[in-house]
Amino acid sequence: MLNYINPSFKLFGTIEIYWYAVCILIGVILAVLAGVREGKKIGIPSEYIYTGVCIVLPCAIVGARLWYILFNLNDSWTFKKIIGLEGGLEGLAIQGGLIASMITIYIYCRVRKISLYRILDVVAPGFLIGQICGRFGNFCNHELYGPIVENPGFLKLIPILGENMFIEGAYRHPAFLYEASLNLVGLIIMIVLRNKFKKLESGDLIGGYFVWYGFVRIITETIRSKSGVDEILMAGPIPVSILLSVIFIVGGLAFLVIKRFVGPKTNYLELKQKIKDNRYDTILFDLDGTLLDTKELIYKSFVYTFAHFRPDKVLTDEELDSFFGPSLKQTFSRYSEDEQEIEEMIQYYREYNVSNHDEIVKAFPGAKSVVRSLARKGYKLGVVSSKKTDLVEHGLALFGMRENIRVVIGEEDVKNPKPDPEGILEAMKQLDSKRALYVGDGVGDILAGKNAKIDTVGVLYSDRKDQIIESNPTYTIKNLNDILSILME
């Protein structure tokens, strides 16, 4: 009788792809997506999860391979055979992968100074997701089955299941399906616990995982032992999988008990509520020097203006840098007490600035994509600038950001310019903001945010890096994409 599923298939007619690898890959993707989603709720930036997966997954594969080799030392191993160049990677032991994963996760958390318990809260359900998908890889390989089924009626109800479990002339118990189903039950229990159980502590899920996994593996390995297939991994007369399963159960229970008396204690539901209450819903940006690189244009505009009104004045680099942030009136008032002349200087500056704007100004790398991404994620976005509103809107539109910015506050929209918080507070009012974050490149921006009693982000890609650091913003970023890490996106 032919099986419905072959262990592999040809891609483009030449590349052989194994269904087992496809199932594992699907499991990893689903586990990562689920982890990122839950990670946001407990304060783990997605960047940490993505980076962690890239480090942990290869270590897990190496661990699974070495664990298999360790208990099969009688085989004639060569370096090519060990790394899979001969015979492929036939022989991966999940227990070795788990052990290697846990060691790597511990080291990763210590190096990155991340809460180990929080990471494990994300990892535990991910392990089950990966194992559920991986078991269907066993199904495609026609493995992980039990003894002969005396009454195979339930297998015949699902033809593809029955055909793949028709092995050596008889229908076999689908042990892979039993384990996948039990792991699915475990996953559902975990999800319910982390959303409903009021006494659940951060870190409990990984203890529960090892206990559950141990029991499930004992059940399925017992069934598989009756299939007539010799146990591959043995520790003397004892199957390694069952021995380790007992160790996992005991270790998981001990962990759950000991952690009640030792180490940090954080209620899981309270943690989620705290993160939710402290989550930003509004991101406000300065424009010049933050979203748009206008440095060259501003320099040239000031030089052009002073050449006309103060031809003998030589502007130093320090003076030019000081013009960033303050309003034009504040800046020119330092050089003239005549209100009419100040207005003429402003007008002269603007005429040059506007006429040369589109040729000189550039958007900072990632500005458009970050703004678009934040808008899609539901954040309320606004720009609070010392420039005239129409110039702000023109600059945003020029680089495709205006459609994602809900509110623009410009110079004429406030009576008191930055560092007064009026502009920020007005933007928050219009956006009905509960908790806002202000991103800027100048000391005045940071002070305005502080005066508005909100958190601030100082960008370090401007020439005023040292001043920004001295102004002590809540966060600093080296590029705009770093905002996503602050927001745990």
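Scroll up for the structure.
Predicted model only: the values in this text are computed from it and were never measured. (Residues numbered from 1 in each chain as written. Predicted model: local features only at pLDDT ≥ 70, side-chain atom pairs only at ≥ 80, totals over all residues. Heavy atoms only, no water.)

Colleague: Let's hear about the sheet that holds strand 12 (residues 436-440): which residues, and what values?
Modeller: As summarised here, the arrangement of the 6 strands in space is 11-10-7-12-13-14, forming an open sheet in which the pairing is parallel. The open sheet terminates on both sides in strands that have one partner only, identified here as strand 11 (407-409) and strand 14 (475-477). When the angles between neighbouring strand axes are averaged without regard to direction, this sheet yields 20°. Relative to strand 12, strand 7 (residues 282-285) runs parallel, the two being bridged by 4 bridges. Counterpart to L284 in the pairing with strand 12 is Y438. Of the strands in this sheet, strand 10 (380-384) and strand 11 touch helix 17 (residues 389-398), which is tilted by about 135° from strand 11. Against the sheet, helix 18 (residues 422-431) touches strand 7, strand 10, strand 11 and strand 12, its axis set at about 160° to strand 11. (Pairing = 2+ DSSP bridges. Helix = DSSP H or I, 4+ residues; strand = E, 2+ residues; numbered from the N terminus. Axes fitted to C-alpha atoms, helices over the stretch in contact; angles between N-to-C directions. Contact = heavy atoms within 4.5 Å.)

Colleague: I'd like a description of the layout of surface pockets, backed by residues and values.
Modeller: Reported here for the second largest pocket is a volume of approximately 390 Å³. Lining the second largest pocket are 19 residues; nearest its centre among them are P45, Y475, S485, I486 and M488. Those elements that place two or more of their residues in the lining of the second largest pocket are helix 2 (46-70), helix 11 (268-277) and helix 21 (482-486). For the lining of the second largest pocket, the element with the most residues is helix 11, which contributes 3 residues. For the lining of the second largest pocket, the class distribution of residues is 10 nonpolar, 3 polar and 6 charged. (1 Å grid on protein atoms, 1.4 Å probe; cavity = no way out; pocket = protein on both sides within 12 Å on 5 of 7 lines; lining within 4 Å. Points joined across faces, edges and corners; volume = space filled by probe spheres on them. Nonpolar A, V, L, I, M, F, W, Y, C, P; charged D, E, K, R; others polar.)

Colleague: Describe the packing of aromatic side chains, naming the residues involved and giving the relevant values.
Modeller: Here the structure, examined in full by the defined rule, presents 21 aromatic pairs. Each ring, one from F302 and one from F332, has its centre 5.6 Å from the other, and the planes form 55°; the classification is tilted. Here F332 lies in helix 14 (residues 328-332) and F302 lies in helix 12 (residues 295-309), a separation of 30 residues in the sequence. F302 sits in the buried class, given a relative accessible area of 1%. A relative accessible area of 0% places F332 in the buried class. Relative to Y348, the ring of F309 lies with its centre 5.5 Å away and its plane at 90°, an arrangement referred to as edge-to-face. One end of the pair, F309, is in helix 12; the other, Y348, is in helix 15 (residues 339-360), and 39 residues separate them in sequence. One aromatic cluster in this structure is built from F302, F306, F323, F332, Y335 and Y349. Above the face of the Y280 ring, R435 is positioned so that its terminal group lies 4.3 Å from the ring centre. (Phe/Tyr/Trp six-rings, centres within 6.5 Å; stacked < 30°, edge-to-face > 60°. Buried < 20%, exposed > 50% of the residue type's maximum accessible area, 1.4 Å probe, protein only. Lys NZ or Arg CZ within 6 Å of the ring centre and 35° of its normal.)

Colleague: Kindly report on the pairing of strand 10, identifying the contributing residues and their values.
Modeller: Most of strand 10 is tucked away: 5 of the 5 residues are buried. Residues K380, G382 and V384 point to one face of strand 10 and L381 and V383 to the other, with burial holding for every one of them. In the sheet, strand 7 pairs with strand 10 via 4 bridges, with the strands oriented parallel. Its bridge partner being in strand 10, F285 is matched across the sheet by V383. Alignment of strand 10 against strand 11, held across 3 bridges, turns out to be parallel. If you follow V384 over to strand 11, its bridge partner there is I409. Taking the sense of rotation as the criterion, the β-α-β connection linking strand 10, helix 17 and strand 11 turns out right-handed. (Right-handed = clockwise from strand over helix to strand, strands pointing away.)

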